[in-house]
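# Descriptive structure summary
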Amino acid sequence: MDKKSEDRRQKSEVRIKSFFFSVCLLSSVFCLLPSAFADTSDVYLSITKAGGAKIKIAIPDFLVQEGAIDRENFSKKSSEILTNDLNNSGFFKTIENRDILKEIDAKDKKTGKINFNEWTSLGAEILAKGHITIEGGKINIECRLYALKSGEQIIGYKYGGDRTTFRQMIHKFSDEITYRFTGENGIAQTMLTFVSKVTGNKEVYISDYDGQNIRKITDDKSISLFPKWSPDGKNIIYATYRYRNPDLYLIDVADGKKTPVSIFPGINAPASWSPDGKRLAVSLSKDGNAEIYTMDFDGKNLSRLTKSRSIETSPAWSPNGIEIAFTSDRGGSPQIYIMGSDGTNLRRLTYQGKYNDQSSWSPDGNKIAYTSLNGGQFNIFVIDLVSSKVQQLTSDTGDNQNPVWSPDGRRIAFSSNRDGKYQIYAMNSDGTDQRRIIYLEGGGYSPSWSQRIE
Amino acid sequence: MVKNNVKYLLAIMFIVFSVSIFINSCAPKKPKVDQAAIMKEQQRAAEEKRLKAEEEERRKFDEAMKAEQKRKAEEEKRLKAEEEERRKFDEAMKAEQKRKAEEEAKLKAEEEEEIKPQIAREAETKVVPQLDDIHFDFDKSDIRTDGREILQKNADWLQNNPDIKIQIEGHCDERGTAEYNLALGERRAMSTKKYLISLGISADRIYTISYGEELPIDPNHSEDSWAKNRRAHFLVITK
């Protein structure tokens, strides 16, 4: 598929649904009731290999009960989502040849048993099968995992939901597989939030981590900026000009309720959550120029951390809560500094580059990704906090901005205008495997990656 | 024979006697007990002891005196040192207080100079042709020479229309991050406001807002468009 038609396809998939719909969808996410119905032994690591070799897994289309509406679609979509999830995880390699998968699966069905030898002959080590039953709008998925060499069922899961939670059910199965075989939490159940101008105004959107299931969550008809997921995945903090000033608002993702957090005269953004979700670090200009403050997430207990005549902005709270990185031009140009979350122990972090901003801590707290402007172009860099070694992740691909880490630290989402308008992309944290994950006519800016939302 | 015997006896007696006298005279003579001498001797010893004790006393006293003197000297020295310390501390305190006072004065002056943003939430605004935009250099917020002339003109118009309140919008070009540009736009609006205040326009007639890089007047990506977009824009508040 060429790029244009792919774009069209993605676009047509992106239906900006009504707010009420998104509310229903999200609330139903929390009603997913998975239940293990087979062997629930602990992490199954026997197939995991050293040296980063990937585990080969066969995923035939899921079986859907006869006579179900949209049967073909459910069957294809389910295996497609799971295949994509497991490839994204970085731990698995899926068997590509769908015709052969179909053939062996048909044989299994006919003989009423798993033909382990034939599956193994594909080079697969694991087989993932799903069986979907649909009853009056309710969807049940029965998922089973088989270790092919030993010819045994490793685990089985049952998920229940409806059309709106269909993807989440598969994502959950994917994360179960990842955890089973690697002991690490997958990211298939994480989400993104970002800004897009689909309606002509910058509004806040959310999507699954893979860029699917896009929903608009603000309707301010103004300018909305810098959305950030709360650590519990229930709220998003963002800046809005709706009330004729860049104010900071909290939006409850489940019911869409908005609460003002910081509405001082002047700028009230951007903000960063403390890792416990109790405080916010915010850039405020209420005292005359932009300085870093911290406040409770309801705007109370304001505390000023910086005092200088220069610009202090883009606060980023460290994962252990002890430090805050921010941008200041006190040295003549915007550079990244780190201070204690009480404002003490200030030190300058970046010396390379004339314009650095948008710092984002890796989940282990050892690195900071940031944006550097050089030769009129934005690029994403990562600095190691121990060795101060700097690594450039993007180059010669237009402007690349706003890096944010996935909660497992393996991927970095960012916005890039390499294909024209700014859109949301993701790459491995070493800069490899750069892929666009969202295409919207209105562009995509300022992504934020949620923790796991179950 | 008896006579001979007596002779012998007498001779023996004589010998014994003389031998005993001799022995007696050879034996150590017992000292003569002289009561007066003893008394004298005792007195002398007592006197000597007293003198010795006195001497000891004097020595001890001297020593004590010396120790006392030493102590006093040390005490004095200590006191002096303490005094010096106190003086130094006082001086330092005074210096610190002075420094603090100066710093506070400086901060206060700065704070007084730092004008707080004022927003017009419910206001309605319109553009008037009499108020021209001013422009800025990349990543700068100081008023350029061409900006000064425009601001003088704008200030004159505001002087002639004393009831009018204005809103200054600070804008940036796209060649910066949205985060930093939000603060930079604020700084441009504020520096424009300060300049107007310095030209005699009352601070409470001027509201400010930063739009960062969000509202470019020219959406193109050229040096020309960027120069146009780095601006402070003036609106009249109509309601």
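Here the structure is a predicted model, which is why all the values come from computation and not from measurement.

### Observations regarding the overall build of chain A
In terms of regular secondary structure, chain A is built from six helices and 31 strands. Across the 454 residues in chain A, those meeting the buried criterion constitute 48%. Considering only contacts within chain A whose residues lie at least 6 apart along the sequence, 45% involve residues at least 24 apart.

### Here's the deal with the overall build of chain B
Within chain B, the secondary structure is distributed over five helices and five strands. Starting at the N terminus and ending at the C terminus, chain B contains elements arranged as α-α-β-β-α-β-α-β-α-β. Against the 2.2 N^0.38 benchmark of 18 Å for 239 residues, chain B shows a C-alpha radius of gyration of 59 Å, more extended than a compact globule. With respect to the principal axes defined by its C-alpha atoms, chain B has extents near 190 × 40 × 35 Å.

### Looking at unusual backbone geometry
All names here are of chain A. For the bond from Ala269 to Pro270, the omega torsion is -5°, close enough to zero to count as cis. In this structure, Pro270 sits in strand β15 (residues 268-273). A positive phi angle is found at Gln358, which is not glycine, with a value near 60°. For Gln358, the location among the structural elements is in strand β23 (residues 356-361). Non-glycine residue Asp396 carries a positive phi angle of around 55°. Mapped onto the elements, Asp396 comes out in the loop between β26 (390-392) and β27 (400-405).

### Structural notes on the nonpolar core
Among the nonpolar cores identified, the biggest contains 79 residues, and Ile237, Tyr238 and Ala269 of chain A are the most heavily contacted of them. At five residues, the largest contribution of residues to this core is made by helix α4 (residues 178-198) of chain B. In contact with Tyr238 of chain A, other than residues within four places in its own chain, are Val204, Ser224, Leu225, Phe226, Pro227, Tyr249 and Ile251 of chain A. Counting residues in hydrophobic clusters, the runner-up holds 35 residues, among them Phe92, Trp119, Ile141 and Phe173 of chain A.

### Examining the interface of chain B and chain A
Counting from both sides, the interface comprises 22 residues of chain B and, opposite them, 29 residues of chain A. Elements that contribute at least two residues to the side of chain B that touches chain A include exactly α4 and β4 (206-212) of chain B.

### Points about the sheet that holds strand β11 (residues 224-229) of chain A
Residues and elements named next belong to chain A. As summarised here, the arrangement of the four strands in space is β11-β12-β13-β14, forming an open sheet in which the pairing is antiparallel. A strand with exactly one partner marks an edge of an open sheet, and here the two such strands are β11 and β14 (258-262). Mean inter-strand twist for the sheet, computed between neighbouring axes without regard to direction, equals 30°. Here six bridges tie strand β12 (residues 235-240) to strand β13 (residues 247-252), and the two strands are oriented antiparallel to one another. Bridge pairing in β13 places Tyr238 opposite Tyr249.

### Let's talk about helix α3 (residues 71-89) of chain A
All names here are of chain A. Between the first and last C-alpha of α3 there are 28 Å, a value that for 19 residues agrees with the 27 Å anticipated at 1.5 Å per step. Among all positions of α3, only Phe74, Ser78, Ser79, Ile81, Leu82, Thr83, Asp85, Leu86, Asn88 and Ser89 are buried. Buried residues belonging to α3 abut β2 (55-58), β3 (63-64), β4 (92-94), β5 (126-135) and α6 (166-182). Positioned one or two residues after α3, Gly90 has a phi angle of 85°, which is positive.

### What about the pairing of strand β3 (residues 165-171) of chain B?
All names here are of chain B. The element β3 is extensively covered by neighbouring structure, given that six of its seven residues are classed as buried. By the bridge criterion, six bridges tie β3 to strand β5 (residues 231-237) in an arrangement that is antiparallel. Within β5, the position partnered with Lys165 by the bridge is Ile237. With six bridges connecting them, β3 and β4 associate as parallel partners. What sits directly across from His171, in β4, is Gly212. Crossover connection from β3 via α4 to parallel β4: handedness right-handed.

### Structural notes on the domain arrangement of chain A
Residues and elements named next belong to chain A. Along its sequence, chain A is carved into domain 1 (31-182) and domain 2 (191-449). Computed from C-alpha atoms alone, the centre-to-centre distance between domain 1 and domain 2 is 36 Å. Domain 1 puts five residues into the contact, and the matching count from domain 2 is five residues. Residues belonging to the side of domain 1 that touches domain 2 are distributed by class as follows: no nonpolar, four polar and one charged.

### Notes on the packing of α3 of chain A against α6 of chain A
Residues and elements named next belong to chain A. Two elements in contact, α3 and α6, have axes whose closest approach is 9 Å; the angle formed by their N-to-C orientations is 40°. Taken as axis vectors, α3 and α6 run oblique relative to one another. Considering how the two elements wind past one another, α3 and α6 form a crossing that is right-handed. Counted together, Ser78, Ile81, Leu82, Asp85, Leu86 and Ser89 of α3 and Arg167, Ile170, His171, Phe173, Ser174, Ile177 and Thr178 of α6 form the full contact between these two elements. Across the contact of α3 with α6, the residue classes break down as six nonpolar, five polar and two charged.

### Focus: helix α3 (residues 145-160) of chain B
Residue and element names in this part refer to chain B. An ideal rise of 1.5 Å per residue puts 22 Å on 16 residues; α3 measures up with 23 Å between its terminal C-alpha atoms. Buried within α3 are the following residues: Gly147, Leu151, Asn154 and Leu158. The buried residues of α3 occupy one face: seen down the axis, they fall within an arc of 65°. In α3, the exposed residues that point more than 90 degrees away from the buried face are Thr145, Asp146, Glu149, Gln159 and Asn160. Residues of α3 that are buried make contact with β2 (134-135), α4 and β5.

### What to know about the sheet that holds strand β9 (residues 203-208) of chain A
Taken in spatial order, the four strands line up as β10-β9-β8-β31 (chain A) in an open sheet, and their pairing is antiparallel. The open sheet has two edge strands with one neighbour each: β10 (215-216) and β31 (445-449) of chain A.

### So, the confidence of the model for chain A
All names here are of chain A. Taken as a whole, chain A shows an average pLDDT of 90; of its residues, 89% reach a score of 70 or greater. Of the regions scoring below 50 in pLDDT, residues 1-42 engages in 54 contacts with residues more than four places distant in sequence or in other chains. In the predicted structure, residues 46-50 sits below a pLDDT of 50 and forms eight contacts with residues beyond four places in sequence or in another chain.

Here is what the cut-offs are and how they apply
- Residues numbered from 1 in each chain as written.
- Chains lettered and ligands numbered in written order.
- Predicted model: local features only at pLDDT ≥ 70, side-chain atom pairs only at ≥ 80, totals over all residues.
- Helix = DSSP H or I, 4+ residues; strand = E, 2+ residues; numbered from the N terminus.
- Buried ≥ 20, exposed ≤ 12 C-beta atoms within 10 Å, placed from the backbone.
- Contact = placed C-beta atoms within 7 Å.
- Rg over C-alpha atoms; globule rule 2.2 N^0.38 Å.
- Core = buried A, V, L, I, M, F, W, Y, C linked by C-beta atoms within 7 Å.
- Pairing = 2+ DSSP bridges.
- Axes fitted to C-alpha atoms, helices over the stretch in contact; angles between N-to-C directions.
- Expected span 1.5 Å × (residues − 1).
- Right-handed = clockwise from strand over helix to strand, strands pointing away.
- Domains from an automatic or database assignment.
- Nonpolar A, V, L, I, M, F, W, Y, C, P; charged D, E, K, R; others polar.
- Parallel < 35°, antiparallel > 145°, perpendicular 65-115°, else oblique.
- Left-handed = near helix turned anticlockwise from the far one by under 90°.
- Arc of directions from axis to C-beta.
- pLDDT = per-residue confidence, 0-100.

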